[in-house]
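Residues per chain, in single letters:
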Amino acid sequence: EIEGLTRTGHRALALGDAGEAVGCFRKALLLSGGTASPRLRRACAFNLGAAYVETGKPEKGLEFLLQSQPSEGESGEHMGDLYFNIGAAHEGLRDFPKALEYFGKAAGHDRAAQAGSRAGTRVQMGCCYLGMREPARAARCFLDAARTYATAASPEAAAVALSRASGSMLQSRRFRAAEIAGVLAQCRSFCESIPDPALRGKLYNDIGLGYSQIRIFSLAAESFERALALCGGEPDRRREAALLQNLGAAHNALCSFGTALGWHRRAAALHSRSHGYLLFLALPDGPARDGVPCSQIPGALGNQRAQGQCFGNLAYACSRLGNHEAAAENYLHALQAFRDAGDVQGQWQACEGLGAACFHLGDSQKAIGHYKEAL
């Protein structure tokens, strides 16, 4: 009966039903108490502890995982798995130094294990370093994991690890742009062999955002276009709106304002019908030219702010093409959206843009008023 419950529990875990797995493993542990095998009881305690960690109950999981440790002199053939799960429990409790200690022990036992297991441990260590706000060390863990996944011919896992590595490298500010570009190029090369279009689209978007941050906007635009081509069948149009907005911003930065205008208009049309939240990656402020803020990749504060950024980017493209009436109209839309979102920075940028548009239209008094409001 214990074996049957254990098999059912593992099957439930594989299907993502961690609650069912916990129930099976708990029954198995209770039944094991009536046996004369301490080893069986420890195996059942391990299964239950790991399942609790999986369900987001690390404290309860740790309690059973510690019970599953072998006594002195006993064989520790599965110690790598035990150390990994104890590390995951400590990570869930946000005790990152302790988690790293156990992940390090797991890595020592993983040397003879499969490459995927070793790489998974490095990924978890990277997550811990991010939790400790040490993105440079996190980046190195993700890069190690990516190399191991690549050796094991796991392109999906390698691409995800490289994407996380590039994000951590950007966050740390300790890596040169050329190093980050190299990691993004590797990630892009793996994307071509990923069969899942949703994952491939997400990775291309992340790659585009990475190239944007190191100001290689031509490759950013190319990556966003690839991502856009993969999201056409989605019923939820929010990802499409995000990509259109990012494409327009990238073309603004390339000074391809005519091309940018088309992307911005399509994004604005989707925003006007969109509800809920749009998630993007925020970039630092760009320099101002002609009194108008440079276009930026949008940030993540929800739909109203995203609308404001979309109209602001559209207005900027119009102003650079000399259509100052359209620029003023779109800056007004942006200002209203930023007011609704409570975004003060967006409001002063829109006011500054309005001031420049009014000045070009010959209305200096209105321009002064908008510049004063921006101040």
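Residues numbered from 1 in each chain as written. Predicted model: local features only at pLDDT ≥ 70, side-chain atom pairs only at ≥ 80, totals over all residues. Heavy atoms only, no water.

- An unreviewed UniProt entry annotates the protein as TTC24 protein originating from Oceanites oceanicus.

## A look at the packing of aromatic side chains
Given two aromatic rings, one states the distance between the centres and the angle between the planes to describe the pair.
Okay, step 1: Under the definition given, this model contains four aromatic pairs.
Okay, step 2: Relative to Y316, the ring of F257 has its centre 5.8 Å away and its plane inclined at 80°; by these criteria the two rings are edge-to-face. Pair noted here: F257 is in helix α14 (residues 257-273) and Y316 is in helix α15 (residues 303-320), with a separation of 59 residues, a long-range link.
Okay, step 3: In this arrangement the basic side chain of K105 is found over the ring face of Y102, its NZ or CZ atom lying 4.7 Å from the centre. (Phe/Tyr/Trp six-rings, centres within 6.5 Å; stacked < 30°, edge-to-face > 60°. Helix = DSSP H or I, 4+ residues; strand = E, 2+ residues; numbered from the N terminus. Lys NZ or Arg CZ within 6 Å of the ring centre and 35° of its normal.)

## What to know about the side chain of H370
Okay, step 1: Its location among the elements puts H370 in helix α18 (residues 364-374).
Okay, step 2: With relative accessibility at 15%, the residue H370 sits in the buried group.
Okay, step 3: Residues in contact with H370, not counting those within four places in the same chain, are C351, L354, G355 and C358. (Buried < 20%, exposed > 50% of the residue type's maximum accessible area, 1.4 Å probe, protein only. Contact = heavy atoms within 4.5 Å.)

## Digging into the pattern of salt bridges
Okay, step 1: Summed over all chains, the structure comprises 14 salt bridges.
Okay, step 2: The shortest N-O distance in the salt bridge between R147 and D144 comes to 2.4 Å. Here R147 pairs with D144, and both are found in helix α8 (residues 135-151), just three residues apart, close to one helical turn.
Okay, step 3: Overall, R147 belongs to the exposed group, its relative accessible area being 52%. (Salt bridge = Lys/Arg side-chain N within 4 Å of Asp/Glu carboxyl O.)

## Structural notes on unusual backbone geometry
Okay, step 1: The phi dihedral of R94 is positive, around 65°, even though this residue is not glycine.
Okay, step 2: Within the secondary structure, R94 is located in the loop between α5 (79-92) and α6 (96-109).
Okay, step 3: Accessibility expressed as a relative area gives 60% for R94, which makes it exposed.
Okay, step 4: Its identity as a non-glycine residue notwithstanding, R215 has a phi of 65°, on the positive side.

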